Amino acid sequence: MKSEENFPNSALFKVMVISAALILTVTMPLITVPSGHPVSMENKSSRHSYYPLFNSTNSNKIGSLKYNLNMMNNALSTGNISGLQGEFPFNDVFVQSTGYVYVTDRASDTLSVINGSSNEVVGVIHTGVFPNAASYDTKNGNLYVVNYFSGSVSVINVSTGRVVKSITVGAYPYGLTYDSHNGFLYVVNELSSNVSIINGSSNRVVATVDVGSEPMGDVFDSNNGNVYILNSESNNLSVINGTTGRISGSIYTGIRFALAGIFDPANGYMYITSLQNFVGVINPSDGQLIKSIPVGQLPSSLALDPSNGNIYVVNQGSNNISVISTQTQSVKYSISVGANPYGDAFDPLNGYLYVTGQGSNDVWVINVSNESLVTKILIGMYPAGIGYDSRNGELYIADERSNSVSVLNANTSRIVKNIEVGLMPFGIAVDSINGNIYVSNRVSNNVSVINGSTNNVVYSIETGLDPEGIVFDPVNGNIYVSNEGSNNMSVISGSENKVISSIDHLNGYKYFLPRAPHTYGLSIQIAIDPSTNYLYVPNYWSHNISVVDGFTGKVIKSIYDSLFPDAAMFDKFNHDVYVSNFGSESISVISTETDNVTQTISLGFRPYSISCVPSNGYIYVSNFNSNNISVINTTTNSIIGSIQVGSGPFGSVFDPDNGYMYVTDFSSGEISIISISPVQQKGQSPTIYEVLGIAGIGLAIAAAGVTLFYRKKKKIS
């Protein structure tokens, strides 16, 4: 053992540990966002905490975050409260003192916070990469989260919701447990086969203890003060003395592939899951394996109900829960759950069991008294394209994973309807001539046509493979769809609602390898110059822009751009086209007079979509990995500010009637609503409200009753 300081002695006392792989009692007050009205933070007591989306200091003229709309529960909250959702829920932890369940969201690097009273996601905490498990230090009030791929532990001050420190530990930390006797945390590092011991007072590693092969979990025994390390490959338990911090022994269990464990203070036994489909019962006093209890396939975690002595075992492979009686040491019955469950946590306040579903990206809430499903809490939703129809004052949001389009009322900022469309809807375009909304469905290879008056699907139009970008052309009434899989564009007639032609040879690069997350081959956003009816189509893999004549369907020219161009937008004020470059963190400015790149503007990480506000002439760029919006003055082509939003901002659209910009936050499953001043009022004709050519991901404002004037100018090919 490598030690930097002595471990403190403390009196022995019992602590009840309720565990799902690794569960500890946490004290963490949150503000619950009530449905129906925005919440003001001004009169809230300082004892409350929340998880803010911190904004940069902005002048009012560029805009600031006003509301967050939670897409899961349709709750609207003020801009400093996050309603974020997570991705790939892994483990969950019940906190008895607050009644909250904390879910580690591996893919989105967050903790989702669920209110056990309302069963709603009420907050989020950002962590390191791939959070696996969490534990709470009752002495200092910090929450500790192990980050598997970061090789670190995030220390979170629960009163502010901020990460106050990141502690480097061993390779691939998998789990951790808290010793309430000495105030130390024990982090098991799977790849380096050791345990990092953190002093909660100093928040630093004070010792590193070598243990068995591939440790996956650890269990604190509140009766004797020892910590037991589950070595999955060496079939034993390493025993760490909580007083000395040294290895005091090893218990051979014969349990291979031990993954998780729990201690029952009532009988003094430990229960350990084995991926060989059983739970081993160990007596820590003599190290004897009392019994092996057969359960379902691939048991991954356990939770204890101290009121009846039941242990709930999540079986990842058989999609069910085995209920073990600690009195008889046998399975009483099983409960079926959702796809690929992993973690579970029991809430003794409401008698519900919370089970994370990795396959369905949700949390199942089960009433264990009658084995009934109470509700399912969706953790991730993936809103992508968004479009605004000023005829009915509604916004249309493509929900990629739910295969539906959410209809949002701009007056109330609430979801009023969900419309089933094709598989994995992505882009949205609003046709201001016929009042239809066109939705590109990536997996079903078609476009769903929604009637804006009835909000019902009226047509389904077959396209090429993997349709993504989609835009409405007000000059000829056509809808253009970029098909990534077939490397072409389908041209749909808005009057006939059918494909009338196909545009090929866009100089794009067709995929031959699996796609990385959030990257696209052809454009997600297409720009249109209405004076010439030329389309500017970004080609992600070939790093160029195809210029297409919208009248003839011919490719006129290819413009070399920076790395991985994704989205394009035409600025009607200076007649330039702005192209976001996902791979080079920049915006390219293209002159439509010469069709050449005239300037490059550096941006945040992974810029995606582009939107424009006619009232101030600024363009707004969504930076996917920076979680903010860059604001560019097109007169000077310089960045004048940024606005912090939710996780993974993707599409955006401006509503000139209320002065709000709506941003789809892909990774967090929410809509960020930005207030932009001054507000342009209705009836101020002849202002053209259309944001032309940005409907590649549905970023079009279809203004009714507005007359458009175009002039044909000579192009330089």
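Definitions and cut-offs
- Residues numbered from 1 in each chain as written.
- Predicted model: local features only at pLDDT ≥ 70, side-chain atom pairs only at ≥ 80, totals over all residues.
- Heavy atoms only, no water.
- pLDDT = per-residue confidence, 0-100.
- Helix = DSSP H or I, 4+ residues; strand = E, 2+ residues; numbered from the N terminus.
- Contact = heavy atoms within 4.5 Å.
- Pairing = 2+ DSSP bridges.
- Axes fitted to C-alpha atoms, helices over the stretch in contact; angles between N-to-C directions.
- Polar contact = N/O pair within 3.5 Å; in protein donor to acceptor, adjacent residues only side chain to side chain.
- Buried < 20%, exposed > 50% of the residue type's maximum accessible area, 1.4 Å probe, protein only.
- Core = buried A, V, L, I, M, F, W, Y, C linked by side-chain atoms within 4.5 Å.

Caption draft 1: Representation of the confidence of the model for the protein in the model. With 79% of its residues at a pLDDT of 70 or more, the protein shows a mean pLDDT of 77. Mean pLDDT in the protein bottoms out at strand S59 (residues 701-702), which sits at 28, and peaks at strand S38 (residues 446-451), which reaches 97. Low pLDDT (under 50) marks residues 1-59, which in the prediction has 190 contacts with non-local residues, meaning those over four places away or in another chain. Of the regions scoring below 50 in pLDDT, residues 508-521 engages in 39 contacts with residues more than four places distant in sequence or in other chains.

Caption draft 2: Main features of the sheet that holds strand S25 (residues 310-315). Read from one edge to the other, the open sheet built from 4 strands follows the order S24-S25-S26-S27, with strand pairing classed as antiparallel. One side of each edge strand has no neighbouring strand; the edge strands of this open sheet are strand S24 (299-305) and strand S27 (330-336). Ignoring which end each strand starts from, the neighbouring axes of this sheet average 25° apart. Two strands pair when backbone bridges link them, and S25 and strand S26 (residues 320-325) are joined in this way by 6 bridges, in the antiparallel orientation. Within the sheet, the bridge partner assigned to Val313 lies in S26 and is Ser322.

Caption draft 3: Expanded view of the environment of Asn574. The topology assignment puts Asn574 in the loop between strand S48 (565-571) and strand S49 (576-581). As a C-alpha pair, Asn574 and Ser591 span 17 residues in sequence and 8.9 Å in three-dimensional space. A polar side-chain atom of Asn574 sits 3.5 Å from a polar atom in the side chain of Asp571.

Caption draft 4: Focus on the pairing of strand S30 (residues 362-367). Among the 6 residues that make up S30, 6 are buried, leaving the element largely enclosed by the rest of the structure. With burial as the criterion, each face of S30 is covered, one bearing Asp362, Trp364 and Ile366 and the other bearing Val363, Val365 and Asn367. Of the strand pairs in this sheet, strand S29 (residues 352-357) and S30 are connected by 6 bridges, and their pairing is antiparallel. For Val355, the partnering residue across the bridge sits in S30 and is Trp364.

Caption draft 5: Region of interest: the nonpolar core. Tyr174, Tyr186, Val195, Ile197, Val227, Ile229 and Ile240 are the most contacted members of the largest nonpolar core, which has 20 residues in total. Put simply, the parts of the chain that give this core at least two residues each are strand S13 (184-189), strand S14 (194-199), strand S15 (204-210), strand S16 (215-220) and strand S17 (227-231). Listed in part, the 16 residues of the second largest apolar core include Leu76, Ile397, Ile415 and Ile671.

Caption draft 6: Quick look at unusual backbone geometry. One non-glycine residue, Leu298, adopts positive backbone phi at about 55°. Relative to the assigned elements, Leu298 resides in the loop between strand S23 (288-294) and S24. The phi dihedral of Asn533 is positive, around 60°, even though this residue is not glycine. For Asn533, the location among the structural elements is in the loop between strand S44 (527-529) and strand S45 (534-539). On the basis of relative accessibility, which here comes to 0%, the residue Asn533 falls in the buried class.

Caption draft 7: Geometry of the sheet that holds strand S53 (residues 618-623). Read from one edge to the other, the open sheet built from 4 strands follows the order S52-S53-S54-S55, with strand pairing classed as antiparallel. Every interior strand has two partners, whereas the edge strands, strand S52 (607-613) and strand S55 (638-644), have only one. Averaged over all adjacent pairs, the angle separating strand axes in this sheet is 25°, with direction ignored. Note that strand S54 (residues 628-633) and S55 share 6 bridges and pair antiparallel. In the sheet register, Ile629 faces S55, and the bridge partner there is Ile643.

Caption draft 8: Looking closely at the pairing of strand S46 (residues 544-549). Extensive coverage of S46 is indicated by the burial of 6 of its 6 residues. Burial of the side chains of S46 extends over both faces: Asn544, Ser546 and Val548 are buried on one face and Ile545, Val547 and Asp549 on the other. Both S45 and S46 contribute to a ladder of 6 bridges, which runs antiparallel. Looking at S46, one finds that Asn539 is bridged to Asn544.

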